[in-house]
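Geometric and topological summary
Residues per chain, in single letters:
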Amino acid sequence: MTENVKPTILVTDDDPKLRNILRDILELKNFHVLCAGDGVETFKLLKKNNVDVILLDLILPRKNGLEILKEIMVEKPRLPVIMISGQATVKMAVEATKMGAFDFLEKPLDANRVFITLKNALDKSALAHQLDALQKSGSNRYQMLGKSEVMKTVFEMIDSVAPTNGRVLITGESGTGKELVAHALHHFSSRSTKPLIKINCAAVQEELMESELFGHTRGSFTGAMENKEGVFQRAHNATLFLDEIGDMSYRMQAKVLRALEEGEIQRVGSEKIEKVDTRLITATNKDLLQKIQQGAFRKDLYYRLNVIKIHLPPLRERREDIPVLVDHFLLLFCTEYNLITKELTRDAMEVLMNYDWPGNIREVRNFIERLVIMTQAAIIHENDVKDQLYSFSMDEISIQSKLYKHAKEKFEKKFVLRALQENNWNIVQTAKQIGFDRTTLHRKMKGLGILRNENEWQ
Ligand SMILES: Nc1ncnc2c1ncn2[C@@H]1O[C@H](COP(=O)(O)OP(=O)(O)OP(=O)(O)O)[C@@H](O)[C@H]1O
Ligand SMILES: [Mg+2]
């Protein structure tokens, strides 16, 4: 939807009188209106036109509104759908909202309420369009945002280094985007038709590391039931990303060094030498030079890995990137959670720009997600931000939530959200961490209004 084009509204209702009234009043307000009497017509019109919002009756002949809604959510998940009905029960309204309806209007329709709801829905639709555009645009070419000089240099380096076979060592604190850079390097290389093979050196037990890297033959150790390839073989003619290389043991470092020097590897339990052509990208948040001094990292390996170094500075050293990231994540989460557009006041943004973000961009992302869920109003003020940013003291609880019930709910919501984020929204893992079973956690989340797209959950 652009500013000089009229927004297109599709009205689906089996009552021709109501369709005509809606058409008349909406056209007067400068909307372009399409009408359908049932599901079949609705989908025909949706195919042929760029519809911005749909007003959908609940009770319809043949397919009812909920069934149509379900199909729309599959085919056009970002299209805002406003349900309308005269006979809907609360249960139906809840059901529709859970399925992704933007709002629910009761008949007889009140013209003002219709306009307000349409306006909100159009905001959301514009937001979705913006997000699509942003994701396709050059500024987000690597799914990475940043306008600071240092980030521009990083982008230039990715551009020039990606197409080569050069080994790259990516350094930076936790949450600065090292994994994103590894993906970008692979994506813009000639090896991109093959997958990027990843292994996190800090997450694999020492005894299994050699087999994970180079594979093993059947029977080479207890538990080795079958022949197995390692990541080096799987990344043949592709890219291998060794994450957290600073946590690799000294013994394994020697083996990796040999693989790099000779281009040859040996499976555990095998005499056979295998040649592999692997492009290696490594990352660490550790200071490798310091580790070398401490005798914990091999100098020879360091020089082999560090052909090209890309360093991602912490966010506190490139504060001008903070607003770009904050706006991006606001847009992202408002769209994801089906919420109206939210904006920060200038003072609120200033608080965020002055904060040090020890968890870097991951922390910004998690923070904005919490902020979007926890604040109700469209404008987010300085106090809302402070309230979320600095874990709240008893003072804040007693000032803002006089009732014990409200304070408790506020705490619970924040606590559950944080636990979910720490566990990447893995319900089983989160439940275990906070001492709930899966269904209790699920129920709690519903009660607190932190239900995300359920299909995403493991
Ligand atoms: N420049 C950026 N623009 C947008 N999103 C970013 C940017 N940098 C990082 N992110 C996001 O921040 C989060 C953390 O990024 P990533 O996992 O790449 O960090 P990392 O440096 O590998 O962290 P760790 O050392 O903890 O593994 C991800 O959700 C990523 O999408
Ligand atoms: Mg990482």
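Residues numbered from 1 in each chain as written. Chains lettered and ligands numbered in written order. Predicted model: local features only at pLDDT ≥ 70, side-chain atom pairs only at ≥ 80, totals over all residues.

1. Topic: the overall build of the chain
The secondary structure content of the chain amounts to 20 helices and 14 strands. Overall, the C-alpha framework of the chain stretches about 80 × 55 × 45 Å when taken along its three principal axes. Considering only contacts within the chain whose residues lie at least 6 apart along the sequence, 70% involve residues at least 24 apart. (Helix = DSSP H or I, 4+ residues; strand = E, 2+ residues; numbered from the N terminus. Contact = placed C-beta atoms within 7 Å.)

2. A word on the sheet that holds strand β11 (residues 279–284)
Each strand in a sheet pairs with another by means of backbone hydrogen bonds, the pair being arranged parallel or else antiparallel. Reading across the sheet, the five strands line up as β7-β8-β11-β6-β12 and stay open at both edges, with parallel pairing between neighbours. Each edge of the open sheet is held by one strand with a lone partner, namely β7 (196–200) and β12 (308–312). Direction aside, neighbouring strands of the sheet carry axes that sit 20° apart on average. The sheet contact formed by strand β8 (residues 239–243) and β11 spans four bridges and is parallel. Residue pairing across strands places Phe241 opposite Ile281, the latter belonging to β11. (Pairing = 2+ DSSP bridges. Axes fitted to C-alpha atoms, helices over the stretch in contact; angles between N-to-C directions.)

3. Side note on the confidence of the model for the chain
When pLDDT is averaged along the chain, the result is 88; 92% of the residues meet or exceed 70. Throughout residues 453–458 the model reports pLDDT below 50, and contacts reaching past four residues in sequence, or to other chains, amount to five contacts. (pLDDT = per-residue confidence, 0-100.)

4. Things to note about the domain arrangement of the chain
When the parts of a complex come together, some accessible area is lost, and that lost area is often taken as the interface size. Each assigned domain of the chain is listed with its residue range as follows: domain 1 (8–136), domain 2 (144–313) and domain 3 (317–456). If you average the C-alpha positions of domain 1 and of domain 2, the two centres end up 50 Å apart. (Domains from an automatic or database assignment.)

5. Regarding the environment of Thr97
With respect to the helices and strands, Thr97 occurs in helix α4 (residues 90–98). It is 9.0 Å that separates the C-alpha atoms of Thr97 and Met83, two residues lying 14 residues apart in sequence.

6. Topic: the sheet that holds strand β2 (residues 32–36)
Strand order in the open sheet formed by five strands is β2-β1-β3-β4-β5, with parallel pairing between adjacent strands. Either end of the sheet is taken by a strand with one partner, and the two such strands are β2 and β5 (103–106). Sheet twist, expressed as the mean angle between neighbouring strand axes with direction ignored, is 20°. In this structure, strand β1 (residues 8–12) lies alongside strand β3 (residues 53–57), joined through four bridges in parallel fashion. By the bridge assignment for β3, Leu10 is matched with Ile54. Packed on one face of the sheet, helix α3 (residues 65–75) meets β3 and β4 (81–85) and runs near 155° to β3.

7. Topic: the site of ligand 1
In the vicinity of ligand 1, 15 residues are found, and the nearest of them are Met144, Ser174, Gly177, Lys178 and Glu179. Broken down by secondary-structure element, the contributors of at least two residues to the shell around ligand 1 are α7 (178–187) and α15 (360–374). Taken together, the residues of the shell around ligand 1 sort by class into four nonpolar, seven polar and four charged. Both domain 2 (144–313) and domain 3 (317–456) contribute no fewer than three residues apiece to the shell around ligand 1. (Near = placed C-beta within 6 Å. Nonpolar A, V, L, I, M, F, W, Y, C, P; charged D, E, K, R; others polar.)

8. A word on unusual backbone geometry
In the segment running from Lys107 into Pro108, the intervening peptide bond is cis, with an omega of -5°. Secondary-structure assignment places Pro108 in the loop between β5 and α5 (111–136). The phi angle at Asn424 is positive, at roughly 55°, despite the residue not being glycine. Within the secondary structure layout, Asn424 lies in the loop between α18 (404–422) and α19 (427–434).

9. Considering the nonpolar core
Core analysis: the largest hydrophobic core is formed by 33 residues, its most contacted members being Ile170, Val181, Ala182 and Leu185. At four residues, the largest contribution of residues to this core is made by α7. Setting aside anything within four residues of it in sequence, one finds Ile170 in contact with Lys178, Val181, Ala182, Ile281, Ala283, Ile310 and Leu312. Membership of the second largest hydrophobic core comes to 26 residues, among which are Ile68, Ala101, Leu118 and Ala121. (Core = buried A, V, L, I, M, F, W, Y, C linked by C-beta atoms within 7 Å. Buried ≥ 20, exposed ≤ 12 C-beta atoms within 10 Å, placed from the backbone.)

10. Re the environment of Ala259
Tracing the chain through its elements places Ala259 in helix α10 (residues 250–262). The exposure class of Ala259 is buried, given the 21 C-beta atoms found within 10 Å. When residues no more than four places from it in sequence are discounted, the contact partners of Ala259 are Phe232, Glu264 and Ile265.

11. Let's talk about the packing of helix α13 (residues 322–336) against helix α14 (residues 346–354)
α14 packs onto α13 with a crossing angle of 120° between their chain directions and a minimal axis gap of 10 Å. Classified by the angle between their axes, α13 and α14 sit oblique to one another. Judged by the sense of rotation from one axis to the other, the crossing of α13 with α14 is right-handed. Along the contact surface, α13 presents Ile322, Pro323 and Val326, while α14 presents Met349, Leu352 and Met353. Looking at the contact of α13 with α14 residue by residue, the classes come out as six nonpolar, no polar and no charged. (Parallel < 35°, antiparallel > 145°, perpendicular 65-115°, else oblique. Left-handed = near helix turned anticlockwise from the far one by under 90°.)

12. Thoughts on the pairing of β1
Burial analysis of β1 places four of its five residues in the buried class, which makes it a mostly covered element. Here β1 runs beside β2; their pairing, made up of five bridges, is parallel. Bridged to Thr8 within β2 is His32. With helix α1 (residues 16–28) bridging β1 and the parallel β2, this β-α-β connection has right-handed handedness. (Right-handed = clockwise from strand over helix to strand, strands pointing away.)

13. A look at α1
Taking 1.5 Å as the rise per residue, α1 with 13 residues should run 18 Å; its terminal C-alpha atoms sit 18 Å apart, in good agreement. Once α1 finishes, Asn30 follows within two positions and takes phi at roughly 75°, a positive value. (Expected span 1.5 Å × (residues − 1).)

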